[in-house]
Every structure is written in C-alpha cells, then in structure tokens.
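Listed below are the residues making up each chain.
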Amino acid sequence: MRSIAATQAESIDEFMRRSDETPSGRLGRVVIVSDSVPERNGVGAYYQDLTDQLAERCEQVGFLCPDGKHGFLKIPLPGDPTQKIWIPSYREFSKMMRKMQPECIIAATPGPYGLMGCYFARRRKIPFVVGFHTHFSGVTDQYNNPFLRTFSRFYFNCADWVMFRYADLVLGNSEAMVELALSLGARRAEVMGTLLPVTSLNEPVTTPREKLSHVIFAGRLAPEKRVRWIIDAAAALPDITFTLAGDGPLNDEVAAATDRLSNLRWLGWVGRSELLQAMDEADLLVLPSVVESFGTVALEAMARQRLVLVTPTCGIVEWPDLASNLFVLGKDESVASAIERIAALPADERTAIAEASCKAARSLNDSSVRHWLSLLETDEPNAT
C-alpha cells in the first residue's frame with residue numbers, strides 16, 4: 001500500500017490522483033493532520049515516519065499538513081519567526097477529507113490543522129486520537145515579550161482543552177506527558193513510543209571511531225535548547241569538531257560563533273537524509289535542552305549507533321531500555337566536562353554502548369509500530 005501526503009513536495013491534485021489509485025488493505029483509512037511539515041521538527045518527522053511505516057498495512061494513510069500553497073493565511077510562530085503557522089483553507093481541507101473518507105483522524109499538534117481535524121472527527125463521529133508531544137503553553141515561558149507569553153499560553157491552554165475534551169485517546173511519549181494530559185482534561189491517555197525514519201532503519205550503520213573527535217547538535221536554535229552551552233563547549237574543546245544542524249531565533253548568534261571558532265560549523269536547516277549523513281560523520285550527539293518531551297533526534301542518533309548525551313529533563317531517559325545506553329548531563333556539569341568524561345572511556349566500552357543503544361532504539365521502533373497497529377485494528381481506539 002502507499003501513503004497519501006499533502007506536503008510541500010506534492011500538489012493537492014497529485015494527492016487526489018494517488019487517493020484514487022491506492023488499493024484496499026487490511027486496516028482502514030487513516031488521516032493524520034499536523035501543523036508541522038515533515039522534516040521541519042521532531043513532531044513533523046514523527047508523523048512522516050508513522051505514515052511511512054503504516055503505509056504497507058493500511059488501506060490509506062493520509063498526511064495533511066501545510067504545503068506552502070493552499071493555506072488561507074500564515075503567521076510567524078510566536079518566539080521563532082523562522083517557522084510559520086498556517087491557517088488552512090477550509091474549502092481545500094474539506095475537499096481532501098471528503099475524498100479520503102477517514103475512519104480515524106490523528107491530530108499531531110494543537111494548531112489550526114489539529115483543531116480542524118478535531119472538528120471533522122467530531123462532525124463525522126469517527127475516532128479521534130491526539131498526539132501530545134510538546135506542552136506548548138510551558139514552552140511559552142521562554143518568550144521575553146510578556147504579551148506574547150500571556151497570549152500564547154492562553155491559546156495553547158484553550159487548544160489543548162478542546163483537543164483533549166473530544167479525543168477518544170491521547171498519546172504521550174512519556175509518563176510525565178500522559179499525567180499532564182490527564183490533568184489538562186484528557187479522558188484517556190497512554191504512553192506511545194517514538195518511531196524512526198525508514199531510511200535510518202534501512203541504511204547500514206557504521207562503527208564509531210576509536211577516538212571521540214566530532215560532536216553534533218540537531219534541532220531548533222532556540223534558548224530552550226541551550227545552544228549557547230554547545231558553543232561554550234566548542235570554545236573549551238578546540239581539538240573536537242562541533243556541528244550544529246538547524247535554524248531558529250539564535251541564527252545570528254550561531255553565525256557569529258562559527259566565525260569566531262574554527263572547530264564549530266553550522267549546517268543550517270537540513271533535510272533528514274542530510275542529517276543522517278551528518279550523524280554518521282559524528283561520534284556523539286548532544287541534546288542539552290531545558291526540557292524535551294522525548295527527544296526524537298536522540299533516538300535517531302542511537303539507531304545510527306552513535307553515542308548520545310542528554311539532560312535529565314529529556315523524556316527519553318524515562319524509557320529504561322534507552323536510558324541504560326545514554327549519557328546524562330550531571331548536576332552542575334558543563335557540556336564540555338561531560339564530553340571529556342565520555343571521551344575518557346575505553347574505546348571498546350564506548351563501542352559496546354553504541355551497539356546496545358542501536359538495538360534498543362530499533363526495538364522501541366518495532367514495539368511502537370505494533371502499538372499503533374493494535375489501535376488502528378479496532379473500530380474505536382479506546383473510546384469511552
């Protein structure tokens with residue numbers, strides 16, 4: 001079977017043509033709605049991976065997200081003008097929903113696309129599942145503008161309430177997110193594992209080098225990601241190469257740092273194939289965020305048999321099989337000190353950890369796919 005996606009890479013006409021050609025399969029018709037485009041961030045990547053991995057098992061899998069052409073209006077994401085919030089065209093959105101005739105709608109985000117998906121699910125009286133990956137009203141605390149902070153928190157609190165109120169099931173990627181969803185009004189919530197890109201699963205992995213000499217960060221260049229900590233580490237460890245992949249509100253600061261430090265390079269925003277190559281060239285991925293509901297990029301690095309360093313507030317550490325093969329930043333420990341600690345380990349020990357992390361990441365992907373299939377095989381996912 002094949003997935004059906006309305007993205008920047010394909011027109012709505014192409015979307016409709018492929019819908020007509022898609023044959024029937026064992027499972028039903030599923031539509032995923034997301035305000036995040038594929039590859040742009042962890043949420044968009046998650047649902048593109050879900051679409052790809054379900055495509056062979058479902059009658060149809062549709063992925064409706066901004067395509068840069070058919071939105072009614074776009075506005076900058078509060079706090080990060082490098083990303084946009086698209087207000088979808090109701091006419092085009094309705095047209096695609098009528099064409100797909102979904103038997104289940106999955107909403108990935110609490111933006112306009114997610115809310116419209118909620119509306120259509122309730123109107124058609126079909127199962128509605130919400131993916132709770134980021135507590136956006138909590139992220140707004142990072143905004144310096146008081147009005148922006150207050151307005152954004154109000155919007156996301158209202159959006160979460162509406163989505164959770166009408167969802168048959170809310171899926172969080174950690175126990176903490178599940179508990180938060182229940183406290184915000186979800187009627188039922190479960191933990192859902194994270195997925196991996198098909199390319200990451202299919203491409204052969206390479207053995208890490210004996211010497212740790214290359215560190216990578218991938219994600220939004222924003223204050224909550226603590227990008228400055230990585231810049232400080234690059235300044236403290238001139239013999240190690242540091243690569244930053246991504247863009248965001250700290251672009252100018254990162255550009256200035258790359259001019260100043262010869263061992264720091266910035267790739268800008270890269271697609272997933274380019275990111276996979278960049279990960280394979282590195283020895284260690286660092287994710288020093290203030291908070292991460294999971295940290296999908298960390299899982300992707302593990303699947304590529306690369307070492308990973310995260311903060312204790314990263315949701316991935318709540319998964320025991322993954323946490324045992326991760327490095328966690330200690331209290332009051334700098335990123336530079338943590339890198340030196342990891343680099344000091346015997347090469348065979350680091351290799352063993354990298355191999356074990358690869359197996360754990362791929363095992364989680366397999367169990368996550370099985371979990372999704374078990375939900376979609378029922379007529380009403382845990383409806384109450």
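Residues numbered from 1 in each chain as written. Predicted model: local features only at pLDDT ≥ 70, side-chain atom pairs only at ≥ 80, totals over all residues. Heavy atoms only, no water.

Caption draft 1: Broad picture of the sheet that holds strand β12 (residues 264–268). Strand order in the open sheet made by the six strands is β12-β11-β10-β13-β14-β15, with parallel pairing throughout. Whereas interior strands pair on both sides, the edge strands pair on one side only; in this sheet they are β12 and β15 (327–328). Lying on the sheet, helix α14 (residues 335–343) is in contact with β10 (214–218), β11 (241–245), β13 (284–287), β14 (307–310) and β15; it crosses β13 at an angle near 150 degrees. (Pairing = 2+ DSSP bridges. Helix = DSSP H or I, 4+ residues; strand = E, 2+ residues; numbered from the N terminus. Contact = heavy atoms within 4.5 Å. Axes fitted to C-alpha atoms, helices over the stretch in contact; angles between N-to-C directions.)

Caption draft 2: Broad picture of helix α2 (residues 42–54). Over its 13 residues, α2 extends 18 Å from the first C-alpha to the last, a length consistent with the 18 Å expected when each residue adds 1.5 Å. Here α2 lies mainly inside the structure; eleven of its 13 residues are buried. Those residues of α2 that fall on the buried side of the exposure criterion are V43, G44, A45, Y46, Y47, Q48, D49, L50, T51, Q53 and L54. (Expected span 1.5 Å × (residues − 1). Buried < 20%, exposed > 50% of the residue type's maximum accessible area, 1.4 Å probe, protein only.)

Caption draft 3: Focus on the pattern of salt bridges. Using the criterion set out here, one finds 13 salt bridges in the structure. Here R91 and E92 are joined by a salt bridge, their closest N and O atoms 3.2 Å apart. We classify E92 as buried; its relative accessible area is 16%. Among the ionic pairs, R265 bridges to E281, the shortest N-O distance being 3.2 Å. Of this pair, R265 sits in strand β12 while E281 sits in helix α11 (residues 272–281), placing them 16 residues apart in sequence. We classify E281 as partly exposed; its relative accessible area is 32%. (Salt bridge = Lys/Arg side-chain N within 4 Å of Asp/Glu carboxyl O.)

Caption draft 4: Main features of the side chain of D49. Along the chain, D49 turns up in helix α2. If sequence neighbours within four positions are ignored, D49 has contacts with L195, L196, P197 and R272.

Caption draft 5: Inspection of the nonpolar core at higher detail. Counting 59 residues, the largest nonpolar core has F242, L284, L285, I316, L322 and I339 as the members making the most contacts within it. A per-element tally of this core places helix α12 (residues 296–303) first, with six residues. The contact partners of I316, leaving out residues within four places of it in the chain, are F294, G295, A298, L299, M302, V310, L322, A323 and L326. Counting residues in hydrophobic clusters, the runner-up holds 28 residues, among them V31, M96, V130 and F164. (Core = buried A, V, L, I, M, F, W, Y, C linked by side-chain atoms within 4.5 Å.)

Caption draft 6: Structural detail: the environment of Q53. Examined against the element boundaries, Q53 turns out to sit in helix α2. Separated by 142 residues in sequence, Q53 and L195 have C-alpha atoms that sit 8.9 Å apart. Of note is the side chain of Q53, whose polar atom sits 2.8 Å from the backbone oxygen of L196. Within the local environment of Q53, its side chain forms a polar contact with the side chain of N365, the two groups lying 2.8 Å apart. (Polar contact = N/O pair within 3.5 Å; in protein donor to acceptor, adjacent residues only side chain to side chain.)

Caption draft 7: Quick look at the packing of α12 against helix α15 (residues 347–376). With their axes 7 Å apart at the nearest point, α12 and α15 run at an angle of 120 degrees to one another. Between α12 and α15, the interaxial angle falls into the category oblique. Pair α12 / α15 crosses with left-handed handedness. Taking contact as the criterion, the partners of L299, M302 and A303 in α12 are, on α15, A354, S357, C358, A361, R362 and L364. Taken together, the residues of the contact of α12 with α15 break down into seven nonpolar, one polar and one charged. (Parallel < 35°, antiparallel > 145°, perpendicular 65-115°, else oblique. Left-handed = near helix turned anticlockwise from the far one by under 90°. Nonpolar A, V, L, I, M, F, W, Y, C, P; charged D, E, K, R; others polar.)

Caption draft 8: Main features of unusual backbone geometry. Phi at Q101 takes a positive value of approximately 50 degrees, unusual for a residue other than glycine. When you line up the elements, Q101 lands in the loop between α3 (90–100) and β6 (104–107). What makes Q101 partly exposed here is its relative accessible area of 37%. Positive phi outside glycine occurs at D332, with the angle close to 65 degrees. When you line up the elements, D332 lands in the loop between β15 and α14.

Caption draft 9: Expanded view of the environment of T313. Looking at the element boundaries, T313 is found in the loop between β14 and α13 (320–323). Judged by relative accessible area, which is 40%, T313 ranks as partly exposed. Along the primary structure T313 and E292 are separated by 21 residues, whereas in three dimensions their C-alpha atoms are 6.6 Å apart. For T313, the contacting residues outside a window of four places in its chain are S289, V290, V291 and E292. At a separation of 2.6 Å, a polar atom in the side chain of T313 contacts the main-chain carbonyl oxygen of V290.

Caption draft 10: Main features of the packing of aromatic side chains. Applying the stated rule across the entire model yields seven aromatic pairs. A ring pair is formed by Y119 and F120, whose centres lie 5.5 Å apart and whose planes are at 90 degrees; its orientation type is edge-to-face. By relative accessible area, F120 is classed as buried at 2%. Between F294 and W319 the ring centres are 6.3 Å apart and the planes differ by 80 degrees, which places this aromatic pair in the edge-to-face class. Remark: W319 occurs in the loop between β14 and α13 and F294 occurs in the loop between β13 and α12; sequence separation between them is 25 residues. Per residue, the accessibility class of F294 equals that of W319, and both read buried. Each residue in the set Y90, F93, Y113, Y119 and F120 is aromatic and connected to the rest through ring pairs, giving one cluster. (Phe/Tyr/Trp six-rings, centres within 6.5 Å; stacked < 30°, edge-to-face > 60°.)

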